[in-house]
Amino acid sequence: MKKFISVASFILLLAFSSAVFGQISITKYDSIYIADYLTCSMVSIGDMEHDGQQEIVAIYGVQTSNPGISNYYLRISKVNADGISSMEYILDCHSTIQNFVILDANNDNLEDIAYVFSDSVNIIFQNPGFDFNYNNHLTLFSGFSTDGIAKGDFNQDGKDDFVCSNWNSDHLTIFVQSDMGFYAYDNVSAIQAGYNQIKVWDVNSDGWDDIIFMAGQGLSSGIYVYLNNNGFFYTAPLYFPILGSMGNTLITSSVSFGDFLGTGKGLMINSVYGQPNENTRFIQYQNGNWVNMGLENMLSCYPSAASADFDNNERDETVYLNPSSSNLRVLEFFTLSSNQSLNFTTIGGNYHAYDQMLSTGDIVGNDGKIDFVMISDWGQILIFANAGTTTEVTEPKSDSKITIYPNPSTDYLTVSFNQSGEYNVFISDLSGRIVLEKKYSGQQFTIDVKSFHPGMYSLRILGKESFSKKFIVQ
């Protein structure tokens, strides 16, 4: 069943509240009201039609007149100059949906939705024109009760795969997409694989997607990483505990990743019940080991946390929900030490949310600036627009080994190195979808970006050394 929601049904809260730091102005742009009561709400952002315009995707449960039973809905919302338009579909299930992921599950250049509940993964395929007919769906059984899900390309064939986790069954199941459909590629053991804090990211910059999962309680609390060894996960996971100054294990609440200090990418780990001044760790993978780059106080947060480069300065910020004040905060780190030397903005309001509630992407204006969206457990999808005036990517520090120009670009992007070499080049859009994968050699090469949709892209280069840059296509 599909129903269209008119723009008039939304309450415009433009410029209701805002906060400014550096070159960034974050403004509460609009609210989409769904229902008076929701269960198991979650939100994400993705380019559903691969047309360069990202959409808001939400799944939520609405209680029925029958106590204890909820109907679950899939909503896709577009934000454009005409306002907000939404499409809503009912999902044919009454069990609690724990999590979902956006992925191209049949390699047709349209994004589909995979959601998990009970012991199965259900994939509802998109037909052209945002048509999600539940008759066009696939059910995969994991063999275990399933809580978390994350997307990756684990065998480097250009097709979207995914991994499922379960807290109680202590397992991870990897599903790989082939021309014949999905099959269970690998099962690996996991210690209390975090409820839905499972991530996929290339931790060691070797070009292979690794799996990050969180154990959130007990002596095993902390972050675990399975490194992808040329498509296989047969080694024991890397482990990093969150320890307080007294040697006790703190309860892990969220994990996100990015380059927060301009020193290279790493993992940001938060605790909601940590000791004072000990709630956050920033760790980096160096020479086969995790290195604790420091800790910061005043960062206790709910499991809702996300990271992105909001001001285009080649350094990521983190946005999170402060449990003590119910305010949203966006933080720029200058150092991770206990002296609180950070810069942050607080977006005032009585916000309340739990897991899988924050997502980042360019959803307002398609202008190359990172916005974010939050779904509250009070029945609202809240849209926060990045109204910053930055029009080009700025680099806070020079890197004599690599130069990219022009940036922004309209037709060609030139990449130049200080010495010749062999390079594997990956370009991805804001949703993480790889739009170009190619090998180059020499000291300089040119990339044709005329066919790219306007927006921001990430350039990752693997060779004797690894480089990551951002650029804008206008």
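Our structure is the block above this text.
The rules behind each value
What you see as residue numbers is a count from 1 along each chain, following the sequence as written. Per-residue local features of the predicted model are confined to residues with pLDDT of at least 70, and side-chain atom pairs are confined, for both listing and counting, to 80 or more; whole-chain, interface and lining totals are unaffected and use all residues. Values shown for side chains rest on all heavy atoms present in the structure; no hydrogens or waters enter the calculation. Two strands are counted as paired when DSSP detects at least two bridges linking them. Here a strand is any run of E in DSSP of at least two residues, a helix any run of H or I of at least four, and the numbering for each starts at the N terminus. Axis definition: a line fitted to C-alpha atoms, over the contacting stretch in the case of helices. Angles run 0 to 180 degrees between N-to-C directions. As used in this record, nonpolar core signifies buried Ala, Val, Leu, Ile, Met, Phe, Trp, Tyr and Cys residues forming a set joined through side-chain atoms within 4.5 Å. Exposure classes here rest on a 1.4 Å probe applied to the protein chains alone. A residue is buried below 20% of its type maximum, exposed above 50%, and partly exposed in between. Only heavy atoms matter for contacts: two residues are in contact if any of them lie within 4.5 Å across the pair. Just to be clear on terms, a salt bridge is a Lys or Arg side-chain nitrogen sitting within 4 Å of an Asp or Glu carboxyl oxygen. A pair of Phe, Tyr and Trp rings is counted when the ring centres sit within 6.5 Å of each other, with Trp represented by its six-membered ring. The angle between the planes then sorts it: under 30 degrees is stacked, over 60 is edge-to-face, the rest tilted.

Considerations on the sheet that holds strand 11 (residues 137–141)
Okay, so step 1: Spatially, the 4 strands line up as an open sheet ordered 8-9-10-11, and their pairing is antiparallel. Among the strands making up the open sheet, the edge pair consists of strand 8 (99–103) and strand 11. Recorded for the sheet is a direction-independent mean angle of 20 degrees between the axes of neighbouring strands.
Okay, so step 2: The pairing of strand 8 with strand 9 (residues 112–117) spans 5 bridges and is classified as antiparallel. Bridge pairing links Ile102 to Ile113 in strand 9.

Digging into the nonpolar core
Okay, so step 1: Ile59, Leu91, Ile113, Tyr115 and Phe132 are the most contacted members of the largest nonpolar core, which totals 21 residues.
Okay, so step 2: Among the secondary structure elements, those contributing two or more residues to this core are strand 5 (55–63), strand 6 (70–80), strand 7 (83–91), strand 8 and strand 9.
Okay, so step 3: With residues up to four places along the chain from it excluded, the contact list for Ile113 reads Met48, Val57, Ile59, Leu74, Phe100, Val101, Ile102, Leu103, Asn122, Ile123, Ile124 and Phe132.

Some points on the environment of Pro128
Okay, so step 1: Inspection of the secondary structure puts Pro128 in the loop between strand 10 (120–124) and strand 11.
Okay, so step 2: Between the C-alpha atoms of Pro128 and Asn109, which are 19 residues apart in sequence, the distance is 10.0 Å.

Some points on the pattern of salt bridges
Okay, so step 1: Within the structure shown, the criterion is met by 8 salt bridges.
Okay, so step 2: Note that Arg75 is salt-bridged to Glu88, the shortest N-O span being 3.1 Å. Of the two residues, Arg75 sits in strand 6 while Glu88 sits in strand 7, which places them 13 residues apart along the sequence. Note on accessibility: Arg75 and Glu88 belong to one class, buried.
Okay, so step 3: Between Asp179 and Lys159 there is a salt bridge; the shortest N-O distance is 3.4 Å. Separated by 20 residues along the polypeptide, Asp179 in the loop between strand 14 (171–178) and strand 15 (181–189) and Lys159 in the loop between strand 12 (148–152) and strand 13 (161–166) bring together distant segments of the chain.
Okay, so step 4: According to the relative accessible area criterion, Asp179 is exposed, its value standing at 70%.

Points about the packing of aromatic side chains
Okay, so step 1: Per the counting criterion, the structure on display carries 19 aromatic pairs.
Okay, so step 2: Note on Phe162 and Phe182: the rings are 5.2 Å apart at their centroids and 50 degrees apart in plane angle, and the pair reads as tilted. Here Phe182 lies in strand 15 and Phe162 lies in strand 13, a separation of 20 residues in the sequence.
Okay, so step 3: Residue classification places Phe162 among the buried residues on the basis of a relative accessible area of 0%.
Okay, so step 4: Assessed through its relative accessible area of 13%, Phe182 is described here as buried.
Okay, so step 5: Look at Phe213 and Tyr226: their rings are 6.1 Å apart centre to centre, the planes differ by 25 degrees, and that puts the pair in the stacked class.

Some details on the pairing of strand 22 (residues 280–286)
Each regular strand displays side chains that alternate between the two surfaces of the sheet.
Okay, so step 1: In terms of burial, strand 22 is a largely internal element, 5 of the 7 residues being buried.
Okay, so step 2: As judged from the 4 bridges shared by strand 21 (residues 266–271) and strand 22, these two strands associate in the antiparallel manner. Paired with Met268 across the two strands is Phe282, which belongs to strand 22.

Digging into unusual backbone geometry
Okay, so step 1: Cis geometry marks the peptide bond from Tyr405 to Pro406, where omega comes out at -15 degrees.
Okay, so step 2: Tracing the chain through its elements places Pro406 in the loop between strand 31 (402–405) and strand 32 (412–428).
Okay, so step 3: Looking along the chain, the bond that leaves Asn407 and enters Pro408 is cis, with omega of 15 degrees.
Okay, so step 4: Position of Pro408 relative to the elements: it lies in the loop between strand 31 and strand 32.
Okay, so step 5: Within the chain, Asn109 stands out as a residue other than glycine whose phi angle is a positive 70 degrees.
Okay, so step 6: With respect to the helices, strands and loops of the structure, Asn109 is situated in the loop between strand 8 and strand 9.
Okay, so step 7: On the basis of relative accessible area, Asn109 is assigned to the partly exposed category, the value being 45%.
Okay, so step 8: Positive phi, normally seen in glycine, also occurs at Phe130, with a value near 55 degrees.
Okay, so step 9: By the element assignment, Phe130 lies in the loop between strand 10 and strand 11.
Okay, so step 10: With relative accessibility at 3%, the residue Phe130 sits in the buried group.

Structural notes on the pairing of strand 6
Okay, so step 1: Among the 11 residues that make up strand 6, 10 are buried, leaving the element largely enclosed by the rest of the structure.
Okay, so step 2: Across 8 bridges, strand 5 lies against strand 6 in antiparallel orientation. Across the sheet, Ile56 pairs through a bridge with Ser77, a residue of strand 6.
Okay, so step 3: Hairpin connection of strand 5 to strand 6: 6 residues between the antiparallel strands, including Gly68 at a positive phi of 85 degrees.
Okay, so step 4: Bridge count between strand 6 and strand 7: 9 bridges; the pairing is antiparallel. Of the residues in strand 7, the one forming a bridge with Ile76 is Met87.
Okay, so step 5: From the end of strand 6 to the start of strand 7, which pair antiparallel, there are 2 residues.

Quick word on the sheet that holds strand 19 (residues 238–241)
Okay, so step 1: Spatial strand order, 16-17-18-19: 4 strands in an open sheet with antiparallel pairing. Strands at the two margins of the open sheet, each flanked by one partner only, are strand 16 (198–201) and strand 19. For this sheet, the mean angle separating the axes of adjacent strands, direction not counted, is 20 degrees.
Okay, so step 2: Where strand 17 (residues 210–215) lies against strand 18 (residues 222–226), 5 bridges are found, and the strand directions are antiparallel. Directly across from Ile211, in strand 18, lies its bridge partner Tyr226.

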